[in-house]
Amino acid sequence: MNMAAAEEEFAILTKDLRKEYDGLVAVSDLGLRIRKGTLYGMIGPNGSGKTTTIKMLVGLLRPTSGEAFLMGEKVPAVRNIDRIGYMPQEMGIYTDLSVHENLELFSDMYSIGKGDFRRREAELLGMIDLEERKGSLVSHLSGGMRHRVSLACALVHDPDLIFLDEPTVGVDPELRVGFWDHFRELRRRGKTIVLTTHYMDEAVRCDVVGMMRQGELIAEGTPSELMTVTGAGNLEDAFLSYAGRARA
Amino acid sequence: MPLFMIAIFGYTFGGDLREVSVFIVNLDGEGANGSISASIIEDLATRDTLAIVSLIGPENASSSEVASAISKVEKGEIWAAIVFGEDFTESALEALGNMRQGMPAIPSEIVVHVDSSNPNVAQAVVGELQISLQKTLVSEYGLIPPIVIDENRVYGEGAEFIDFFAPGVMGLAAMMVTFMLSIVSFVHERSYGTLDRLLTTPVTEGEIVGGYALALGFIAFIQSCVILVTAIVAFNIQIVGNVLLALFTIFLLGIGSQGLGFLLSSNAKTEFQAVQFMPIVLFPSILLAGVFWPIEAIPDFLRPVSYFIPLTYAVEGCRSVMIRGWGIEEVWPQLLVLAAFAAAMLLLSTYSLKKRR
């Protein structure tokens, strides 16, 4: 497949992407091909290399070897940087600013005009159901609300490719359902979403799931494919089955 | 760390002044041998409080040498010019004779053209002169004739200790606030993930560092204004020079200090390690930069460290502007050092942020 065709079809392409820390392999020769408009779930236990992979893709970490392309541009994707949204695991919002100020700050970083920002803010606040708390300091919000603000900040510039690192950690079950509704809505609008989670049960809602263990991608496919191949009744059992094969 | 702190404190606190640079112009007509002026100078040279950089006269000394010595004080090259008059010994001996006969004695005079921008130093110069006068005259003549030390303050006329402290406190406060805020803010940015998010936006590393520099430099500027106004209103400090130039000096220090905080914090492996940099940087700055006592009071082996501390140049520059009334043409060396410090810190911080990837 030539590069132009690949750019047309895949939001993310990686070739032998590898990251080592002092000789310790965090991500091992990763090959990802994620089509545009996919809701991709990266699952695996803590320390399996999910966050390191995301950080290499968004340009926060330099790979030890290998390469990655986002929408056809080699990482770090400077030309496409305003088409990429990122929600870090630690939320990455300013707690001493209000919800509105956080959104405005990050929209300013993407040079979004005031008029466009106002429209976008109204849309996002509606989506995360925080219109009433627009003026509240983030430090006065609950953990779940902060997660919603963090998600809104990642979406403020209406990116085409969205990386969400553990977006549902510490979020109550009811809110998690709401989050997944947002993710599906974004995908319906043509966005590509890559999220990490160690909640196997919720990964079943993804279009494609990549299973990671000790820095390696041990399996990839739709949730139903993964469960069918392993004969497992759920993704957790499927993961354990693949992990057993990897050990063997 | 506690050992480091107590060692610096012990060596610097309340140290005696040493090697205060002075010129001596001896116009005393009695010549080098046997004159009272020569004995006093000889005694001054036995102690190390004053460093006699140049001794002119009595041969070939003229009033032009006095003007030249005063000019050195005006340029800040030396702290004082001590001038013995043409008939100093003659007048003193005449006064001694009169005293022995119970007749009124006319005092002779030593003129000290001194830079009183630092009251400690000015007091030390006059004090050392008085000690030598007493020692010499009592040992040689058994009497102390009336000798007036005429203190001509080249700078700092009417200056008190608060005038000396105010620029130092301004600099110290600006450095502490910007350095600590930048370390704490950066630790916060790291641990809350905002730095990662910032670095994935179109904002560059240089813009992040520049934004911090402007914000914290502005805080240092405002804080200095508050200190200055308080010092003027409550303590009636005198400002001879351009206040804006003094504030600009502090602004440069603020930018450099925040850059240093940013640099150290970005290179720290953990937040705990970053916070540990605070006392390591602040403690020597507080004690060795000439904020509370002159650089001349710092022991020789520690004094070179003072010249590696940017606060030293900010305090010196600010004092020169506020007490001496110097302008940019005189304080440019201090401004240059501070500007170079600020530029180096900003560039290294930017590089350090890029290197984190």
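Further up the page is the structure itself.
Since the structure is predicted, the reported quantities are computational estimates derived from the model, not experimental observations. Throughout, a residue's number is its position along its own chain's written sequence, starting from 1. Chains carry letters from A onward and ligands carry numbers from 1 onward, assigned in written order. Residue-level local features of this predicted model are given only where pLDDT is at least 70; pairs of side-chain atoms are given and counted only at 80 or more, and the full residue set underlies all totals for whole chains, interfaces and linings. Note that the side-chain values use all heavy atoms of the structure and ignore hydrogens as well as water.

## Digging into the packing of aromatic side chains
All names here are of chain B.
Part 1: Each Phe, Tyr or Trp ring, with Trp reduced to its six-membered ring, pairs with another whose centre is within 6.5 Å; inter-plane angles below 30 degrees give stacked pairs, above 60 give edge-to-face pairs, and intermediate values give tilted ones. Inspection of every chain in the model, using the stated rule, returns ten aromatic pairs over all chains.
Part 2: Judged by centre distance (5.6 Å) and plane angle (55°), the rings of Phe164 and Phe165 are tilted.
Part 3: Accessible area is worked out with a 1.4 Å probe on protein chains only. A residue is then buried under 20% of its type maximum, exposed over 50%, and partly exposed in between. By relative accessible area, Phe164 is classed as buried at 0%.
Part 4: The exposure class of Phe165 is partly exposed, given its relative accessible area of 27%.
Part 5: Seen in terms of ring centroids, Phe165 and Phe292 are 6.3 Å apart; in terms of plane orientation they differ by 55°. Their pairing is tilted. With Phe165 in helix 6 (residues 161–191) and Phe292 in the loop between helix 10 (271–288) and helix 11 (303–306), the pair connects residues that are 127 residues apart, well separated along the chain.
Part 6: Of the residues examined, Phe292 reaches a relative accessible area of 33% and is grouped as partly exposed. Where helices and strands are cited, they refer to DSSP runs of H or I of at least four residues and of E of at least two residues respectively, numbered from the N terminus.

## Focus on the sheet that holds strand 7 (residues 84–87) of chain A
Residue and element names in this part refer to chain A.
Part 1: Pairing is mixed in the open sheet, where six strands are placed in the order 7-8-9-4-10-11. Each edge of the open sheet carries a strand with a single partner, namely strand 7 and strand 11 (216–221). Across the sheet, the mean angle separating the axes of adjacent strands is 15° when strand polarity is ignored.
Part 2: Here the rule is simple: two strands pair whenever DSSP picks up at least two bridges between them. Bridge count between strand 7 and strand 8 (residues 161–165): four bridges; the pairing is parallel. Following the sheet pairing, Tyr86 is matched in strand 8 by Phe163.
Part 3: Note on contacts: a residue pair is in contact if any heavy atoms of the two residues lie within 4.5 Å. Every angle, taken between N-to-C directions, lies between 0 and 180 degrees, and every axis is a line fitted to C-alpha atoms, over only the stretch in contact when it is a helix. Here helix 9 (residues 235–247) sits on the sheet in contact with strand 4 (39–43), strand 10 (208–213) and strand 11, set at roughly 45° to strand 10.

## A look at the pairing of strand 5 (residues 147–155) of chain B
Successive residues of a regular strand alternate their side chains across the two faces of the sheet.
Residues and elements named next belong to chain B.
Part 1: Bridge analysis of strand 4 (residues 108–115) against strand 5 gives eight bridges, and the strand direction is parallel. Residue pairing across strands places Ile110 opposite Ile149, the latter belonging to strand 5.
Part 2: On the question of chirality, the crossover connecting strand 4 to the parallel strand 5 by way of helix 5 (residues 119–141) is right-handed. A crossover gets the label right-handed when its path from the first strand over the helix to the second runs clockwise, viewed with the strands pointing away from the viewer.

## Let's talk about helix 3 (residues 99–109) of chain A
Residues and elements named next belong to chain A.
Part 1: Along helix 3, the residues that are buried comprise Val99, Asn102, Leu103, Phe106, Ser107 and Met109. The arc that holds every buried residue of helix 3, seen down its axis, measures 155°, which confines them to one face.
Part 2: Remark: Ser111 follows helix 3 within two positions and exhibits a positive phi of approximately 55°. Note that the arc is defined by the directions from the helix axis to the C-beta atoms.

## A few points about the interface of chain A and chain B
Accessible area lost during the coming together of the parts is what is often quoted as the interface size.
Part 1: Opposite the 23 residues of chain A that make contact, chain B presents 17 residues.
Part 2: In this description, buried area is defined as the sum, over both parts, of the accessible area (probe of 1.4 Å) that is lost when the two are combined. Buried surface at the junction of chain A and chain B, summed over both partners, amounts to about 1,800 Å²; 59% is from carbon and sulfur atoms.
Part 3: What counts as a salt bridge is simple: a side-chain nitrogen of Lys or Arg found within 4 Å of a carboxyl oxygen of Asp or Glu. The interface formed by chain A and chain B includes one salt bridge.
Part 4: Put simply, A:Lys55 and B:Asp196 hold a salt bridge, and the shortest N to O gap is 3.1 Å.
Part 5: We define a polar contact as two N or O atoms separated by no more than 3.5 Å, with the added condition that, inside protein, one atom must be a possible hydrogen donor and the other a possible acceptor, whereas residues neighbouring each other in sequence contribute only through side-chain atom pairs. Scanning the region where chain A abuts chain B turns up seven residue pairs in polar contact (both at pLDDT 80 or more).
Part 6: Contributions of two or more residues to the side of chain A that touches chain B are made by strand 7, helix 3 and helix 5 (143–155) of chain A.
Part 7: The element best represented in the side of chain A that touches chain B is helix 5 of chain A, accounting for three residues.
Part 8: Its residues assigned to classes, the side of chain A that touches chain B comprises 15 nonpolar, four polar and four charged. Polarity classes work like this: nonpolar for Ala, Val, Leu, Ile, Met, Phe, Trp, Tyr, Cys and Pro, charged for Asp, Glu, Lys and Arg, and polar for all others, with Gly in that last group.

Purely spatial values, then, with no claim about function.
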